[in-house]
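Architecture and fold: a report
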Amino acid sequence: MRSHFLRAASPKGVVNALVLEIVLPAPQTFALGVKSPLNVDIDWGDGSEDFGVTAEYPSHVYASSGTYLVSIKNNATIRIRSAETAVESRSKITRVVNGGGLGFGWNSNLEAMFFGCTSLTETDLIDLSSISNIENMFDGCQLTELPVFDMSTVDYAFRFARGQQFTEVPAGISFTDLDEVRSLFENNANLTTIHRGLFVGINASAFGGENGWLAGCALTAQSIENLMLDLDALPGTGGQCSVAGGTNAGLSTWTTAAVNARNSLISKGWTINQNA
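Before going into details, it helps to say that this report is about the structure given with it. (Residues numbered from 1 in each chain as written. Predicted model: local features only at pLDDT ≥ 70, side-chain atom pairs only at ≥ 80, totals over all residues. Heavy atoms only, no water.)

What follows is about the environment of Leu128. Mapped onto the elements of the fold, Leu128 is located in the loop between strand 10 (122–123) and helix 2 (221–232). In sequence terms Leu128 and Thr153 are 25 residues apart; their C-alpha atoms lie 7.7 Å from each other. Contact partners of Leu128, with chain neighbours within four places excluded, come to Leu110, Ile134, Met137, Phe149, Asp150, Met151 and Thr153. (Helix = DSSP H or I, 4+ residues; strand = E, 2+ residues; numbered from the N terminus. Contact = heavy atoms within 4.5 Å.)

Encoded structure:
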């Protein structure tokens, strides 16, 4: 058995499986946050397998400490909700090694999928092309990098990835269907970089409920320019945006383009808050 400080190798033949790495410092019972509708095959990574599992939150007793790869193959549409498992289980998930592959069969609602997985630092690309709700999906995790998720059908992303460790929202992530923007990347103290095209075609009314979705970050002046230009190009009036707090670049350091876009937004009824 591998000691708990060694990374397990990726298993073969798991393209259509969700594969999670867990690290157990001692023998324990580990529960998966798999919800109904449910019919899954689970390889627990220690030589044990369960087939046709229909009970919610299936669990397994590990006899030894170690690093294990837990593989979940679905035979029906499933939903993962780690928030409803005990801290003793969800805090042991360290990596999403395989995101399930295209057409894996996710339920359209991935709310709280990895909520509270405080040791989760890496995730593979997860197919979100038919997902509408990613509320709290990674809230409370410690992701060091964000994959280029397909956000084209996502309409609700409250607290999607607050308080993470990644420094960049990569080019290619684009929200085009959000109904409400709240606490999206709030308090990501290391987040310095966002690119043009993060928000495209969304009506300004989607930004009306709360302004703190990029507050408490570390955005550079160039990133704030990218943001302001994106927002200024959106249809509608009366949105809210805060780039205050944290070490976000202050207004005195903004580019001329950013200042002009900010002034244009204010003239259209937007409320913009920023550091001095």
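Taken N-terminus to C-terminus, the directions of helix 2 and helix 3 (residues 256–267) make an angle of 35°; their axes are 8 Å apart at the nearest point. Seen along the crossing, helix 2 lies across helix 3 with a hand that is left-handed. From helix 2, Glu225, Met228, Leu229, Leu231 and Asp232 reach across to helix 3, where they touch Ala257, Ala258, Ala261, Arg262, Ser264 and Leu265. Residues that form the contact of helix 2 with helix 3 fall into these classes: 7 nonpolar, 1 polar and 3 charged. (Axes fitted to C-alpha atoms, helices over the stretch in contact; angles between N-to-C directions. Left-handed = near helix turned anticlockwise from the far one by under 90°. Nonpolar A, V, L, I, M, F, W, Y, C, P; charged D, E, K, R; others polar.)

On to the pairing of strand 12 (residues 271–274). The pairing of strand 11 (residues 240–243) with strand 12 spans 4 bridges and is classified as parallel. Considered in strand 12, the bridge of Val243 is made with Gln274. The β-α-β motif built from strand 11, the intervening helix 3 and the parallel element strand 12 has right-handed crossover chirality. (Pairing = 2+ DSSP bridges. Right-handed = clockwise from strand over helix to strand, strands pointing away.)

A few words on empty space enclosed by the protein. All chains considered together, the criterion is met by 2 cavities of 30 Å³ or more. Here the largest cavity defines a volume of roughly 40 Å³. Every residue lining the largest cavity is listed: Leu18, Leu20, Leu32, Gly33, Val34, Ile72, Ile80, Ser82, Ile93 and Phe114. Considering only residue class, the lining of the largest cavity consists of 8 nonpolar, 2 polar and no charged. Here the second largest cavity is characterised by a volume of approximately 30 Å³. (1 Å grid on protein atoms, 1.4 Å probe; cavity = no way out; pocket = protein on both sides within 12 Å on 5 of 7 lines; lining within 4 Å. Points joined across faces, edges and corners; volume = space filled by probe spheres on them.)

A full pass over the atoms with the stated rule returns 10 salt bridges. Across the pair Glu111 and Arg81 runs a salt bridge whose closest N-O atoms are separated by 3.7 Å. Taken together, the positions of Glu111 in the loop between strand 9 (93–99) and strand 10 and Arg81 in the loop between strand 8 (79–80) and helix 1 (87–90) put the pair 30 residues apart, joining distant regions of the chain. By relative accessible area, Arg81 is classed as buried at 16%. Three or more residues joined by partner-sharing salt bridges are found here, namely Lys35, Glu56, Arg79, Arg81, Glu84 and Glu111. (Salt bridge = Lys/Arg side-chain N within 4 Å of Asp/Glu carboxyl O. Buried < 20%, exposed > 50% of the residue type's maximum accessible area, 1.4 Å probe, protein only.)

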